Number of protein chains: 2
Amino acid sequence: MAPKVSDEYKTKKKIELLQAAKRVFITKGYTRATMQDVMNEAGVSRGALYAYFDNLEHLYLELLQFEDQQDVQFFTPIAGELSWQQVTKWVSKQQVEIEKIEQTLSQANSEFFLSLRDQQKQQSYPYITTRYEKMVDVLTAFFAHGTATGEFKLQLPPEAIARYLISVIDGLMLDTAHLGAEKTKVSEQMEALLFSLRAMLGPVQ
Amino acid sequence: MAPKVSDEYKTKKKIELLQAAKRVFITKGYTRATMQDVMNEAGVSRGALYAYFDNLEHLYLELLQFEDQQDVQFFTPIAGELSWQQVTKWVSKQQVEIEKIEQTLSQANSEFFLSLRDQQKQQSYPYITTRYEKMVDVLTAFFAHGTATGEFKLQLPPEAIARYLISVIDGLMLDTAHLGAEKTKVSEQMEALLFSLRAMLGPVQ
DNA sequence: ATTATAAACGACATTAATGTCGTTTTTCAA
DNA sequence: TTGAAAAACGACATTAATGTCGTTTATAAT
């Protein structure tokens, strides 16, 4: 079914495996998923899977990076849209994401991050840190931009707001993963988040 | 070393095992810890440990409940202290807790909760849900009380603020577990949290 | 002292996953 | 069309943890 093959073929195959893995991680989370599960889901042999990925940890890391890559929908200022509106929209998007948490990788992500508790591992995967800092930077820049255009009157340093925003979303994600979206009252909390952001950003309307 | 023994003895022993388990969970987290680890740490045989706990999940649940029990330091209005001051104090306490996350069970807690992803398990451990709801109730009551005494002018429903507060703390905990307290700038974020709370609670000073 | 009880012990069978490696199969290039 | 390269296969040895259970040992009551 496949030897001495183009790079293109290998890329295709890899993506195929990553997608199977994604399905596995969505249904089982990170901790309970195994290489065996991925083999079964992808309908591929042990040897084949190991030819592409050394172990589950590496596999997950690649999946994470692959998925992030797809999410090019980053926080870039959009011409002709008010910054505050953009914030609102983003918050709604997060809400949707959280509400269908069972169909996303969010939970597996948290499990994966938590599993890297050793400093050793943290350092061997700089991407993890980078990922967070990139998000901070993007949000910071966005808030700074909004200030420059006179749309925001920040009450706190922009990076503080950025980090805080990330924490709130992550926390709501975590709690919702435990307890379900009804118990944590996601939409109510999103209101509270918007209220906070309004106070911090001081949107001039 | 111990047969036909008083209830008191058994309680002591159990607590001893729980404390050994606690040390294990603090250093290894929940997912990577094993019954074997606990046996080693407690210096006790397989049979002994299993006589007290069926499996790691039950063991953790008991530990969780035991620890919560110790935490009687709950959010009860203190006479002669301003409510807003009490909020401030509590936030500081959380900050300390988060900053020394490597010496606490916080991370293991998150791992444990995430591991209960099945609805089945969620239901068989009602304590998990209760625990969250209890915290919500306590905070809600506190905010309501502060309103009654005229110290707060709430801008949002008290339960919304309560849940939101919990999310922020949990999120910061999670991110700090991944990245360390320096990277997430815990103290800066605590400032941001206090800012938000001030806006939501409208403390009359 | 003696003895019934049950706490603690630790060997064992079981299960499940891992990573490796020799073999088979397929493809591409000559 | 043939053969070298390597993709895919799957059996296997290894490792590690689990929960059980027959045995040993300490305790407390008589």
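Residues numbered from 1 in each chain as written. Chains lettered and ligands numbered in written order. Predicted model: local features only at pLDDT ≥ 70, side-chain atom pairs only at ≥ 80, totals over all residues. Heavy atoms only, no water.

(A) Molecular detail of the overall build of chain A. Within chain A, the regular secondary structure consists of 11 helices and zero strands. Counting from the amino terminus, chain A carries its helices and strands in the arrangement α-α-α-α-α-α-α-α-α-α-α. For the C-alpha atoms alone, the extent of chain A along its principal axes is close to 60 × 40 × 35 Å. Expressed as a percentage of its 205 residues, the buried residues of chain A come to 50%. Considering only intrachain contacts with a sequence separation of at least 6, the fraction spanning at least 24 residues in chain A is 69%. Accessible surface, chain A: about 10100 Å² in total, of which carbon and sulfur atoms supply 53%. Counting 22 positive and 26 negative side-chain charges, chain A places the centres of these two groups 3 Å from one another. (Helix = DSSP H or I, 4+ residues; strand = E, 2+ residues; numbered from the N terminus. Buried < 20%, exposed > 50% of the residue type's maximum accessible area, 1.4 Å probe, protein only. Contact = heavy atoms within 4.5 Å. Areas by Shrake-Rupley, 256 points an atom, 1.4 Å probe, with all protein chains shown as cover. Lys, Arg positive; Asp, Glu negative; His and termini not counted. Charge placed at Lys NZ, Arg CZ, Asp CG, Glu CD.)

(B) Quick peek at the relation of the copies chain B and chain A. Once chain B is rotated about the relating axis by 180 degrees and shifted along it by 0.0 Å, it coincides with chain A to within an RMSD of 0.1 Å. A rotation of that kind, with that shift, is consistent with a two-fold axis. Taking the C-alpha atom as reference, chain B places glycine 171 of chain B closest to the rotation axis, 1.6 Å from it. Residue by residue, 100% of the interface of chain B is reproduced at the interface of chain A, so both copies engage with the same surface. (Least-squares fit on C-alpha atoms with pLDDT ≥ 70 in both.)

(C) Focus on the environment of valine 168 of chain A. Of note, valine 168 of chain A is situated in helix α9 (residues 158-179). Look at valine 168 of chain A and you get buried, because its relative accessible area is 2%. Along the sequence, valine 168 of chain A and valine 186 of chain A sit 18 residues apart, while their C-alpha atoms lie 11 Å from each other. Setting aside anything within four residues of it in sequence, one finds valine 168 of chain A in contact with Leu193 of chain A together with Tyr164, Ser167 and Val168 of chain B.

(D) View of helix α8 (residues 126-148) of chain A. Residue and element names in this part refer to chain A. When the terminal C-alpha atoms of α8 are compared, their 32 Å separation across 23 residues agrees well with the 33 Å that a helix rising 1.5 Å per residue should span. The set of residues buried in α8 consists of Ile128, Thr129, Tyr132, Met135, Val136, Val138, Leu139, Thr140, Phe142, Phe143 and Gly146. Trailing α8 by a residue or two, glycine 150 shows a phi angle of about 80 degrees, which is positive. (Expected span 1.5 Å × (residues − 1).)

(E) Quick peek at the domain arrangement of chain A. Residue and element names in this part refer to chain A. According to the domain assignment, chain A contains domain 1 (7-65) and domain 2 (74-201). Taking only C-alpha atoms into account, the centre of domain 1 sits 28 Å from that of domain 2. Across the domain 1 to domain 2 interface the summed buried area is about 1300 Å²; carbon plus sulfur atoms make up 64%. Our count for the domain 1 to domain 2 interface comes out at zero salt bridges. At the boundary of domain 1 with domain 2, the tally comes to four residue pairs in polar contact (both at pLDDT 80 or more). (Domains from an automatic or database assignment. Buried area = accessible area lost by both parts, 1.4 Å probe. Salt bridge = Lys/Arg side-chain N within 4 Å of Asp/Glu carboxyl O. Polar contact = N/O pair within 3.5 Å; in protein donor to acceptor, adjacent residues only side chain to side chain.)

(F) Just the nonpolar core, in detail. Residues Phe25 and Phe143 of chain A together with Phe25 and Phe143 of chain B are the most contacted members of the largest nonpolar core, which totals 130 residues. Apart from the residues lying within four places of it in its own chain, the contact partners of phenylalanine 25 of chain B are Tyr30, Ala33, Leu56, Tyr60, Leu63, Leu105 and Ala108 of chain B. (Core = buried A, V, L, I, M, F, W, Y, C linked by side-chain atoms within 4.5 Å.)

(G) Structural view of the UniProt feature "DNA-binding region" (unreviewed entry) in chain A. UniProt feature "DNA-binding region" (unreviewed entry): in the numbering of this structure it lies at residues 34-53 of chain A. Along residues 34-53 of chain A one finds 75% helix and 0% strand; the C-alpha atoms at either end are 12 Å apart. (UniProt positions renumbered as here; feature names shortened; annotations may be inferred.)

(H) Molecular detail of the interface of chain B and chain A. In this assembly, 46 residues from chain B lie in contact with 46 residues from chain A. Carbon and sulfur atoms make up 57% of the surface buried where chain B meets chain A, a total of about 4400 Å² over both sides. Contact with chain A buries surface across chain B, with Leu114, Arg117 and His178 of chain B losing the most and accounting together for 17% of the total. Linking chain B with chain A are two salt bridges. The salt bridge partner of glutamate 188 of chain A is arginine 163 of chain B, with a shortest N-O separation of 3.6 Å.

(I) Unusual backbone geometry, seen in detail. All names here are of chain A. A positive phi angle, near 50 degrees, is found at lysine 185, a position not held by glycine. As for its placement among the helices and strands, lysine 185 is situated in the loop between α10 (181-184) and α11 (186-201). With a relative accessible area of 37%, lysine 185 lands in the partly exposed category.

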